[in-house]
Each structure stands twice: as C-alpha cells, then as structure tokens.
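# Structure at a glance
As a plain string of letters, each chain reads:
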Protein chains: 2
Amino acid sequence: MGKVYTIHDIAIRLNISKSTVSRALRNHPDVSKETKMLVHDMASKLNYQKNILASNLASKNTNLIGVVIPEIARQHFFAQALSGIQKVAKEHGYIVMVCQSNEEFLEEINQVNALVNSRVAGILISLSKETNDYKHIQNAQDRQTPVVLFDRGTDKIEISQVLVDDYKGAYEITNHLIQQGYKNIAHLSGPMSLSISQKRYKGFMDALKDAGRSTTDAYVLQCDNLSLDAKEATERILGLKKRPDAIFCMSDYMAIQVLKELKSNGVKVPEDIALAGFAGDPITEIVEPQLSTVEQPAFDIGVQAAKRLIMEIETDDRETLGFIHKILNTNLLVRESTT
Amino acid sequence: MGKVYTIHDIAIRLNISKSTVSRALRNHPDVSKETKMLVHDMASKLNYQKNILASNLASKNTNLIGVVIPEIARQHFFAQALSGIQKVAKEHGYIVMVCQSNEEFLEEINQVNALVNSRVAGILISLSKETNDYKHIQNAQDRQTPVVLFDRGTDKIEISQVLVDDYKGAYEITNHLIQQGYKNIAHLSGPMSLSISQKRYKGFMDALKDAGRSTTDAYVLQCDNLSLDAKEATERILGLKKRPDAIFCMSDYMAIQVLKELKSNGVKVPEDIALAGFAGDPITEIVEPQLSTVEQPAFDIGVQAAKRLIMEIETDDRETLGFIHKILNTNLLVRESTT
DNA sequence: ATGAAAGCGCTAACAG
DNA sequence: CTGTTAGCGCTTTCAT
C-alpha cells in the first residue's frame, strides 16, 4: 500500500530542490558530500525508486536492450546466445528484454516496433525463417536505434552481424562423411529464406563437388516443418529406391527427429544409415547413438553481438563506426552416429 | 537518418491541436471520422511511432508484463510456460519482457526491481532456488505492481500463485514404483528451499508410508548441483551396500544425468535399477530407455498465471479481489524405465 | 554547490 | 467534436 515517492518528495523533506536531489542520486560531481548523504539516506528511508520512464524520457536514452529471437525453447543455441548477451549487457549496465517472434515475420515486425517505440537503446535480432523483407529493421535503424543481427543474418541490408561460419561447418561435416566412406549422402535442409540454410546447403554441395561427387543426384530435401516435417522427410528417404547411406541434417533438432523415426523403422544408425546434425546441442550427446554435429560458439555469438551493439549504442559517431560482419568458427564433433 | 516525429509535428502540419491528434491516434470516439483519417494518413506518411515512454508516463500505466524465471534454457518447462504467458499477454495487448535470475537470489532481486522501476504493469515470477526472503516481492506489491508466482511458490507471503500438484505427482509416481514391485526406492531431491522439492519429497515419503514401507531407511539424497550433482549422487547410490532397485529423481533434468551415469557404469535401466523423473520434458521420450515421468501442464500454468496477473492488473479494486492459489493437476507417464 | 525554469512526448480533465 | 491547460517524474541548461 506504500505511496510511491518521487524526487519531489525527498526534496521537500530535505528542503532542497528537485535538481539537487536528481544530481545527488546520480552521483553528480557538483553535489556536496553532505547533501549526497542526506539525499541517499532519505531515499532509502522512503524506499525511493527512480521512475525509469520519466528518467529516460527526459534524458532521451535508455538502458534497455531488446532481443528478438525466433524461439526461446527447443533450440539450445538461442538460450546459450542469450546468456552471452545477458552477461555483456549486465557488465555494461543494460537490462535485456527478450521477445519471441515464433518464427513469424509479422510477429517479428511487431516486436521490433514495440521495442523501438519503447525507446530501447538497441536491438539484437536473429531473423525469423519467414523474414525476407527488412523494412522493419531499416526502419529501426532510421529511427536511431542500432540493430545487430546474430546467427541469422542477411546480405540484403547494411547492418552489423555476428554469424557463424555455416558454410565451413557444413563443408567440414560433409567432408567427414565422405572420408568415412559414405557414398550416397542426403541432406535435409531448412527453409531457404534462412541464410544459415543456404550456407549449410552450399557447404554440403561444395564438399561433394570438391570430392568429385556428382551433386546432381545428391538427395536434398527442404524441410521447414510446415510443408514437410522431419518425420515425413525421413519416410521419404527410406522409401527411395537408391537409399542414402548417410543423412546430414541442417540442425540437431531435425537430426533428433530423424533419429527417432529411423529407429522406429528399425533402421540402425550408423550401420544402416549414418546421421549428422548441426548446432552442438547437448542433446546430441545424450541420444543413442551420440550424434556427430557441428558445434557453434553460441555463448560467444551472444557476447560478440552484444559487445558490438553496445559499441554502436555508445559511439557518438555512428556514421564513421560503420558496420561489421563477424564470422565465428565452428568445431566438428565426430561421434558414434557417423563412425 | 530519419527525424523522429511526434504528435506535435503532425498537429502542426494538420493545423489542429496535439490533443486531437493524440485522441485520433488512440481511436477515441470523440474524434470525427475525417480528422481521424487525416491524422492517420499524416502519421503513416511521417512514419510516426508513438513514444511509449511518454505515453506511459502520462497515462501512468504500461502494457508491459515482466517475467522472471530461473533459467530460460535447459528446462523445457519454463519455455513452455513462457509460451503460455505470451499467448495470453498478446491476446490482452501486453508485451512481455523476460528476465533470467540464473537461480540466483541477488539477480532475482535486481530483475524485479528493474521491472518495477520500468513501471511494468505486473510481474510473473518463478522463484530462484536461492530465494528464501521475499521482501523484493512484497516491495513490488507495495508499489502497486501486481505479482503472481508460478510453478515455484511460497507460503511465506500473501500472493497469488499458480502451481502444480507436486505432492500428488510425486506420490503417484512413487506409488507406481511400489506397484511395480520395487522394494528399495531412492529419491534424489532438489534444494529444500524450493517449494517443489519439498512437496515432491513429501509425496515420495507419504507414498512409502502409505504402502507400509519403512521411510527411515529410504535413501534420500539432496542434490542441488552445487554441493552435490547428479553424477556424484549416482555414484554414491551405486556404492551403497544395499543398492536401491529404483530411483525417483525430482526432475527430468536430473534423471537424464543419472541415466547417463548409470549407463556408463554398465547398470541397466530398468533391469538393474528403475528410474523415474518429474516434469514431462520431451527429452524423456527421446532417451533410451524412455523415462517414466510426471507430466506438468506447463503451457497451461503460463496461461493461468498470466490470466490471473492481468486480472489483478486491470481490476479497480485489488483489495477485494484478493489472492488465489491455483493448483493444476499432473499426469503420470509410465514408460520403459520403470517397467 | 544549489536553484529556477523549461521541456522530454504524451494524456487528461475541463471548457467551449 | 476540438482546443487549452496542466501535468506525469525526471533531466538539463542557465543563473546565482
């Protein structure tokens, strides 16, 4: 039932001006030690809490960082990246607010706009798989809100991005499959609107090509959980007259589903079909057989992206700071499912 | 580089007053169709976006709901609950901002205070496992910010809570173990600061008692990942002279780790030792053997908690609305690991 | 070192 | 239906 006190209240009680209180509270050098003491004491006595809305409105800046990710759950990657973001944000005195786009374009637009309107200091986005238009992002930037993309980027607009070397990661694991002697490698790719799908697909194809394999008969299924889910895709693969002896899935999440489906069809991994994923989700270590995958530096992506965003927020010359593309390395994890 | 326009800008251009613009934008009935048209047109022409800070400051309310959860990842439960929260929030025009306490008390306090200071309309909290003092929550309520606890509650303060029937869930799965003929059931409990640990522990003990079992020699290990992690706990159990023939873990997360450890020690589940978890995490269906567990209505918890919070936010008589304790039912999932 | 005054961008009586 | 006038609670010149 407590009244909510303002600087006014404490100014009155101390018989000084609002301005002085405001300064004292922010530890402004122009305030005497004694006044500061008095103010702080009174503040804690009244349990004063600064109204951040008012503060931000007046000072025209906030300590909020908005994060928009496709989904918070299921993908261990985002959770990890988020931790990285939060670590850095905290160190620099920012609070992060997280929004989910649920992989929906319209929802992403909504969230971004809501964040901009809430006058966040900056925004970190990992694009939804439906996103193929970037006006909302452009718009945010135009409205002086720095934006940094992480993990899922685009070349269509000028913007800082912190990504993973998806191409190389896919290339390496495909190559590993080839080295292991698998002759007929299928690829379950993701929606091609996603940069990561494209790059992983390309890495896959190039690895085949470079090994002198025909890429024309490489069996690729685009699997986006809408028109085609992993379960169905697996069935199709199993139904092929020339059944692949290895499957490279563009994500661990897919790989897990495929594994489940293979098992329930009595197909042995890796004896009958080898299986590889992408992400480095901890679950790949738990399933049987353990899944080979491409480990991503998820936490570090978050860290780098947040650091860059904060730099863009705090610079006084955005113009000459420009944009960066940072590509982080992956790490091939060879496990039971491909050996 | 775009200038950021305000209602003032559009008022000037249209030669009307700010108030009318403000009203038109909010679709106030007192504004003529034509003016509304003009205003909206001009607004979109200038790409006007309302400054929510100013709006909220003036109207003294926000459309933000803060959520504080121990951790966003790893526990599928929270992700699910969050989805439920977001669904309801969206339906009612609220935006949710999510904060992690990382299971740390101090971090929880920080997050709650930050949310209150940002003048969120209300807060949903699932307590950290370190939390045993509730001043920060009391404080938020005192400052007119409704708070609802979900999943992890407490009886120490008067507050609305949406919980799961942990006691009954634990009782039932323990009973199932007993029915299956397991004679020596161990329990890996969680930190006793957590209401859910206590209730699950009690459910376990009572089930034994009611079956006429001696509870004094029931082997219970309190396992909080700090003083004792699941791996170590498993080793201890395996080292027992009178080795248990079943283990009931207070969480699926624990159960998975135990399972891993049992396997790596060549112990067969359920032949040598049966294993059960709690939560209904999808991972329990993926591991081998599939884990018996107690399914929680995670999404629904989120839904109910959010609904209640919004009710408390929007009521004009908080006093007589009072608090509620809502206990949702669980569902026993019997699978391979206990049969 | 402190105060007075203006204003951030919006909403909300109150008039008319 | 529209305009005028005050604020919301804080920051920020500009004086003193």
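Residues numbered from 1 in each chain as written. Chains lettered and ligands numbered in written order. Predicted model: local features only at pLDDT ≥ 70, side-chain atom pairs only at ≥ 80, totals over all residues. Heavy atoms only, no water.

### Regarding the relation of the copies chain B and chain A
Taken together, a rotation about one axis and a shift along it account for how the two chain copies relate. Quick note on the threshold: In this comparison the copies share one frame, found by least squares on the C-alpha atoms of residues holding pLDDT of at least 70 in both. Only heavy atoms matter for contacts: two residues are in contact if any of them lie within 4.5 Å across the pair.
Once turned by 180 degrees and shifted 0.2 Å along the axis, chain B lies on chain A with an RMSD of 0.2 Å. This pairing of chains is accounted for by a two-fold axis. Interface residue correspondence from chain B to chain A reaches 100%, placing this contact among same-surface, isologous pairings.

### Let's talk about the sheet that holds strand 9 (residues 274–276) of chain B
All names here are of chain B. Our working definition: Two strands qualify as a pair provided DSSP detects at least 2 bridges between them. Strands are runs of DSSP state E lasting at least two residues, helices are runs of H or I lasting at least four, and both sets are numbered from the N terminus onward. Lines are fitted to the C-alpha atoms to define the axes, a helix being fitted only along its stretch in contact, and any angle between axes, read from their N-to-C directions, falls within 0 to 180 degrees.
Reading across from one edge, 7-6-8-9 is the order of the four strands in this open sheet, with parallel pairing throughout. Strand pairing shows two members of the sheet lacking a second neighbour, strand 7 (220–222) and strand 9, which therefore form its edges. Neighbour-to-neighbour, the strand axes of the sheet open up by a mean angle of 15 degrees, direction not taken into account. Bridge count between strand 8 (residues 246–249) and strand 9: three bridges; the pairing is parallel. Note that in strand 9 the partner of I247 across the bridge is L275. Lying on the sheet, helix 11 (residues 252–264) is in contact with strand 6 (185–189), strand 8 and strand 9; it crosses strand 9 at an angle near 155 degrees.

### A short note on the protein's contact with DNA strand D
Heads up, the rule is: Nearness here has a simple test: a residue counts as near a molecule or strand if at least one of its heavy atoms is within 4 Å of that partner. We call two N or O atoms a polar contact when they sit within 3.5 Å, provided that within protein one can donate a hydrogen and the other can accept it, with sequence-adjacent residues counted only if both atoms are side-chain atoms.
Taken together, the neighbourhood of DNA strand D is formed by 27 residues, with K18(A), S22(A), Y48(A), S19(B) and R23(B) sitting nearest. Within 4 Å of the protein, the contacting atoms of DNA strand D are drawn from sugar and phosphate to the extent of 64%. Within the contact set of DNA strand D, a phosphate oxygen lies 3.4 Å away from a side-chain nitrogen or oxygen of K50(A). In the environment of DNA strand D, a phosphate oxygen lies 3.4 Å from a nitrogen or oxygen atom belonging to the side chain of S55(A). Those elements giving two or more residues to the surface near DNA strand D turn out to be helix 2 (18–25) and helix 4 (52–59) of chain A together with helix 2 (18–25) and helix 4 (52–59) of chain B.

### Some points on the UniProt feature "domain: HTH lacI-type" (unreviewed entry) in chain A
For the record, the criterion: UniProt positions are given in the numbering used here, feature names are shortened, and annotations may be inferred rather than shown by experiment.
Taking the UniProt record as the reference, the feature "domain: HTH lacI-type" (unreviewed entry) is found at residues 5–59 of chain A. Structurally, residues 5–59 of chain A is divided into 69% helix and 0% strand, and its ends, taken at the C-alpha atoms, are 20 Å apart.

### What to know about the pattern of salt bridges
Should their charged atoms come close, side chains of opposite charge can pair. All names here are of chain A. The condition is simple: Salt bridge, as used here: a side-chain nitrogen of Lys or Arg that lies within 4 Å of a carboxyl oxygen of Asp or Glu. Only protein chains enter the calculation, and the probe is 1.4 Å; a residue is then buried if its accessible area is under 20% of its type maximum, exposed if over 50%, and partly exposed in between.
Taken as a whole and assessed by the stated rule, the structure comprises 20 salt bridges over all chains. Between E91 and K87 there is a salt bridge, with its nearest N and O atoms 3.1 Å apart. Highlighted residues: E91 and K87, both in helix 5 (residues 76–91), separated by four residues, approximately one helical turn. The class of E91 is exposed, set by a relative accessible area of 52%. One network of salt bridges, with partners in common, ties together K202, D206 and K209.

### Some remarks on the sheet that holds strand 9 (residues 274–276) of chain A
Residues and elements named next belong to chain A. Judged by pairing direction, the sheet is parallel, and its four strands sit side by side in the order 7-6-8-9 without closing on themselves. Either end of the sheet is taken by a strand with one partner, and the two such strands are strand 7 (220–222) and strand 9. Each strand axis lies, on average, 15 degrees off the axis of its neighbour in the sheet, ignoring direction. Contacting strand 6 (185–189), strand 7 and strand 8 (246–249), helix 9 (residues 195–210) runs over the sheet at an angle of about 165 degrees to strand 6. Contacts between helix 11 (residues 252–264) and the sheet are confined to strand 6, strand 8 and strand 9, with strand 9 contributing the most and set at about 155 degrees to the helix.

### Describing the interface of chain B and chain A
Basically, it comes down to this: When two parts are put together, the accessible area they lose, computed with a 1.4 Å probe and summed over both, is reported as buried area.
Contacts between chain B and chain A engage 45 residues on the former and 45 residues on the latter. Both sides of the chain B and chain A interface together cover about 4,400 Å² of buried area, and 55% of this is carbon and sulfur. Contact with chain A buries area across many residues of chain B, yet Q49(B), L53(B) and I286(B) alone supply 14% of it, more than any other trio. Between K90(A) and E107(B) there is a salt bridge, with its nearest N and O atoms 2.7 Å apart. Counting across the interface, chain B meets chain A through 10 residue pairs in polar contact (both at pLDDT 80 or more). Within the residue set of the side of chain B that touches chain A, elements represented by two or more residues are helix 4, helix 5 (76–91), strand 2 (95–100), helix 6 (105–117), helix 7 (135–142), helix 11 and helix 12 (283–286) of chain B. Top element by residues in the side of chain B that touches chain A is strand 2 of chain B. It accounts for six residues.

### Observations regarding empty space enclosed by the protein
Put simply, the rule reads: A pocket, in this scheme, is an open set of points on a 1 Å grid over the protein atoms alone with protein on both sides within 12 Å along at least 5 of 7 lines, while a cavity is a set where a 1.4 Å probe fits but cannot get out; residues line either one if an atom lies within 4 Å of a point. Grid points are joined across faces, edges and corners, and a volume is the space filled by probe spheres set on the points.
By the definition in use, this model includes one cavity of 30 Å³ or more. Its boundaries defined by the atoms lining it, the largest cavity holds a volume of some 110 Å³. Contributing to the lining of the largest cavity are I52(A), L53(A), N56(A), T62(A), L64(A), S118(A), I52(B), L53(B), N56(B), L64(B) and S118(B). Elements that contribute at least two residues to the lining of the largest cavity include exactly helix 4 of chain A together with helix 4 of chain B.

### Considerations on the environment of D217(B)
Here D217(B) shows up in the loop between helix 9 (195–210) and strand 7. Residues D217(B) and A186(B), spaced 31 residues apart in sequence, show a C-alpha to C-alpha distance of 9.4 Å.

### So, helix 4 of chain B
The following threshold applies: For this quantity, the arc is that covered by the directions from the helix axis to the C-beta atoms.
Looking only at helix 4 of chain B, the buried set comprises I52(B), L53(B) and N56(B). Buried residues of helix 4 of chain B, viewed axially, fall in a sector of 105 degrees; they line one side. At its buried positions, helix 4 of chain B is contacted by helix 4 and helix 6 (105–117) of chain A. For helix 4 of chain B, the capping residue at the N-terminal end is N51(B), with a side-chain oxygen 2.8 Å from the backbone nitrogen of L53(B). Positive backbone phi, at 60 degrees, marks K60(B), one or two positions downstream of helix 4 of chain B.

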